[in-house]
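# Structure at a glance
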Amino acid sequence: MMRIVFDLGGSVIMPKEGANAKKIKEYADVFKKIKDEGHEIAIVVGGGKTAREYISIARELKANNSFCDEIGIMATRMNAMILISALGDYSIKKVPTSFEEAELILSLGKIPVMGGTHPGHTTDAVSASLAEFINADLLVIGTNVDGVYNKDPNKYKDAKKFDKISAKQLVDLALSFSLEAGSSSVIDLLAAKIIERAKLKVVVVKGTPEELLNVSKGIINGTIIEG
Ligand code: U5P
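The shown structure was predicted, so the numbers you read here are calculated from the model rather than taken from an experiment.

Turning our eyes to something else, we now look at the UniProt feature "binding site: UMP" (unreviewed entry) in the protein chain. Per the UniProt entry, the sites bearing "binding site: UMP" (unreviewed entry) are G47, D69, T117, H118, P119, G120, H121, T122 and T123 in this numbering. A maximum C-alpha distance of 14.2 Å places the annotated residues, which cover 77 residues in sequence, within one compact spot. Position of G47 relative to the elements: it lies in the loop between β2 (40-45) and α3 (48-60). The contacts of G47, once residues within four sequence positions are left out, are G10, M14, A75, T76 and N79. Relative to the helices and strands, T122 is located in the loop between β3 (113-114) and α6 (123-133).

Here it is in structure tokens:
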């Protein structure tokens with residue numbers, strides 16, 4: 001039995017094509033299955049397309065980064081509510097806004113599904129903090145690529161994937177990305193720092209339902225981050 005935190009990137013749950021009930025149900029079914037196998041799980045979801053769209057409009061209207069972050073947080077919470085809808089009795093109809101609340105839901109035997117918390121970071125940092133807070137055995141980061149690369153594989157053909165990477169290397173990598181509202185990097189700097197200090201066991205995989213299920217069975221087609 002493991003206590004696992006899943007960090008579902010927004011682009012995974014809310015892709016460019018928009019939300020899709022069938023896809024969300026596939027994710028919910030996988031999470032139910034993992035829970036039925038005896039694992040304790042908590043989920044953090046990102047903002048995806050909704051966050052990016054709303055943030056870009058607000059930014060055009062001269063909103064500052066902090067306010068744009070608040071808009072992003074709202075979008076992550078809406079995505080959490082969609083997943084909660086699909087989880088039914090496996091979760092409760094409340095998006096936790098703090099780690100204490102998430103832990104409480106977990107202790108009721110339910111799956112907490114949360115989004116963002118405060119401006120200045122992304123849901124990657126939320127998932128790392130939650131994993132630290134609840135002493136998770138594993139943090140699973142599901143993104144739109146199949147692991148951690150030395151540069152963005154969607155932009156650079158010669159990007160190289162790491163099978164294993166140290167938390168320190170991850171921090172150095174995260175330093176090279178910007179932290180603007182709505183920006184998408186491999187992982188945000190704060191998340192990398194928390195992974196380092198908490199010595200979390202982390203895997204980064206492509207965030208498909210199949211790969212998430214694979215991880216719960218110990219099959220990892222991605223990058224392992226070691227503390
Ligand atoms: N965001 C925050 N704080 C959080 C989570 C998210 O400010 O705790 C904002 C950021 O602007 C982020 C956006 O880029 O919401 C969407 O979240 P994410 O999908 O990038 O994690």
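Additional details are given in the paragraphs that follow.
With that settled, the discussion passes to α3. The end-to-end C-alpha separation of α3 is 19 Å, in line with the 18 Å expected for 13 residues at 1.5 Å each. Within α3 the residues assigned to the buried category are G48, T50, A51, I55 and A58. Buried residues of α3 fall within an arc of 145° about the axis and therefore sit on the same side. Exposed side chains of α3 directed beyond 90 degrees from the buried face belong to I57 and E60. Buried residues in α3 make contact with α1 (10-13) and α4 (65-87).

In the structure shown here, the tally under the stated rule is two aromatic pairs. Measuring from ring centre to ring centre gives 5.1 Å for F6 and F31, while their planes differ by 65°; the resulting arrangement is edge-to-face. Here F6 is found in strand β1 (residues 3-8), whereas its partner F31 is found in helix α2 (residues 21-36), with 25 residues between them in sequence. For F6, a relative accessible area of 1% translates into the label buried. Residue class for F31 comes out buried when judged on its relative accessible area of 0%. Pairing F99 with F133 gives two aromatic rings, centres 5.9 Å apart and planes at 40°, and the pair type is tilted. Of this pair, F99 sits in helix α5 (residues 99-107) while F133 sits in helix α6, and the two are 34 residues apart along the sequence. Its end group placed over the ring of Y156, K151 keeps NZ or CZ at 5.3 Å from the ring centre.

Turning our eyes to something else, we now look at α4. A rise of 1.5 Å per residue sets the reference length of α4, with its 23 residues, at 33 Å; its end C-alpha atoms lie 33 Å apart and thus fit the reference within 8%. Every buried residue of α4 is listed here: C68, D69, I71, G72, I73, A75, T76, N79, A80, L83, I84 and L87. Next to the buried residues of α4 lie α1, α2, β2, α3, β3 and α6. Once α4 ends, the next one or two residues include G88, with phi positive near 55°.

Here the focus is the pairing of strand β7 (residues 223-226). A one-sided burial pattern is seen for β7, the buried positions being T223 and I225 and the unburied ones I224 and E226. Looking at chain direction, strand β5 (residues 164-166) and β7 are connected through three bridges and run parallel. Looking at β7, one finds that S166 is bridged to E226. With three bridges joining them, strand β6 (residues 202-206) and β7 adopt antiparallel strand pairing. Within β7, the residue paired with V204 across the bridge is T223.

Calculation criteria
- Residues numbered from 1 in each chain as written.
- Predicted model: local features only at pLDDT ≥ 70, side-chain atom pairs only at ≥ 80, totals over all residues.
- Heavy atoms only, no water.
- UniProt positions renumbered as here; feature names shortened; annotations may be inferred.
- Helix = DSSP H or I, 4+ residues; strand = E, 2+ residues; numbered from the N terminus.
- Contact = heavy atoms within 4.5 Å.
- Expected span 1.5 Å × (residues − 1).
- Buried < 20%, exposed > 50% of the residue type's maximum accessible area, 1.4 Å probe, protein only.
- Arc of directions from axis to C-beta.
- Phe/Tyr/Trp six-rings, centres within 6.5 Å; stacked < 30°, edge-to-face > 60°.
- Lys NZ or Arg CZ within 6 Å of the ring centre and 35° of its normal.
- Pairing = 2+ DSSP bridges.

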